[in-house]
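# Descriptive structure summary
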Amino acid sequence: MINKHFPLILLSLIPAIFFRLRDINRDIVAQDEATSLLYFILPSLKSYSFYDYFMPNNHIFHSILARLSVQLFGNYEIAFRLPVLLSGILAVGFIYWWAYSISNSKEIAFISSSFLALSPIHIIYSQMARGYSLVILFSIISQLSLYKTLENYKTRWLLKYSPLSRQKTSLF
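Residues numbered from 1 in each chain as written. Predicted model: local features only at pLDDT ≥ 70, side-chain atom pairs only at ≥ 80, totals over all residues. Heavy atoms only, no water.

## A few points about the environment of serine 101
Here serine 101 is to be found in helix α5 (residues 77–103). In sequence terms serine 101 and leucine 144 are 43 residues apart; their C-alpha atoms lie 8.0 Å from each other. The residues touching serine 101, leaving out its near neighbours within four places in the chain, are Leu144, Tyr147, Lys148 and Glu151. Within the local environment of serine 101, its side chain forms a polar contact with the side chain of lysine 148, the two groups lying 3.4 Å apart. (Helix = DSSP H or I, 4+ residues; strand = E, 2+ residues; numbered from the N terminus. Contact = heavy atoms within 4.5 Å. Polar contact = N/O pair within 3.5 Å; in protein donor to acceptor, adjacent residues only side chain to side chain.)

In structure tokens form, the structure reads like this:
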């Protein structure tokens, strides 16, 4: 699949990467982003608020990834936005794979991935330190895994789908 699809995937990923990297290191931190940063990303992982899923603005898996990113790269805007940036870019590639699996058409897969790559809402979600782009990515992977399970009746896909769907509903 990689060889014949590579040019179309690359053509989708170039604008996805360009528009998501543009303004990724801006100094302005939005209200929800600031709440996430101050209460869930910067404090210690042992803090009570980190584990409280019922507190507003807490996407636990995102908080863990953003915390690790800040620890690795320092307290910079791009560091705490890196997990959502990467998940936003990965979502474009995975939606190509999902659309191709369903339609068996490179054109439809390319159009689908291009729509996501150029979607203003998805671009914003991929630049804001919130867990929304992770939810989108894991939803696409979850649906792809379910489709592959139903299509091929392969147990290995079912094993991949079950943890992702549980994680998607419980951690986001």
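Having seen the structure, we can now continue with the description.
## Brief notes about a nonpolar patch on the surface
On the surface, Phe6, Leu10 and Ile14 cluster together into a nonpolar patch covering about 280 Å² of accessible area. In this fold, leucine 10 is placed in helix α1 (residues 2–21). (Patch = residues over 30% accessible without salt bridge, like charges linked within 9 Å, V, L, I, M, F, W, Y side chains within 5 Å. Areas by Shrake-Rupley, 256 points an atom, 1.4 Å probe, with all protein chains shown as cover. Salt bridge = Lys/Arg side-chain N within 4 Å of Asp/Glu carboxyl O.)

## Structural notes on the packing of α5 against helix α8 (residues 132–152)
Remark: α5 packs on α8, axes separated minimally by 8 Å, with the N-to-C direction vectors making an angle of 25°. The angle between α5 and α8 falls in the class roughly parallel. Considering only the axes of α5 and α8, their crossing is left-handed. Contacts between α5 and α8 involve Val84, Ser87, Gly88, Leu90, Ala91, Phe94, Ile95, Trp97, Trp98, Ser101 and Ile102 from the former and Ser133, Leu134, Leu137, Ile140, Ile141, Gln143, Leu144, Tyr147, Lys148 and Glu151 from the latter. (Axes fitted to C-alpha atoms, helices over the stretch in contact; angles between N-to-C directions. Parallel < 35°, antiparallel > 145°, perpendicular 65-115°, else oblique. Left-handed = near helix turned anticlockwise from the far one by under 90°.)

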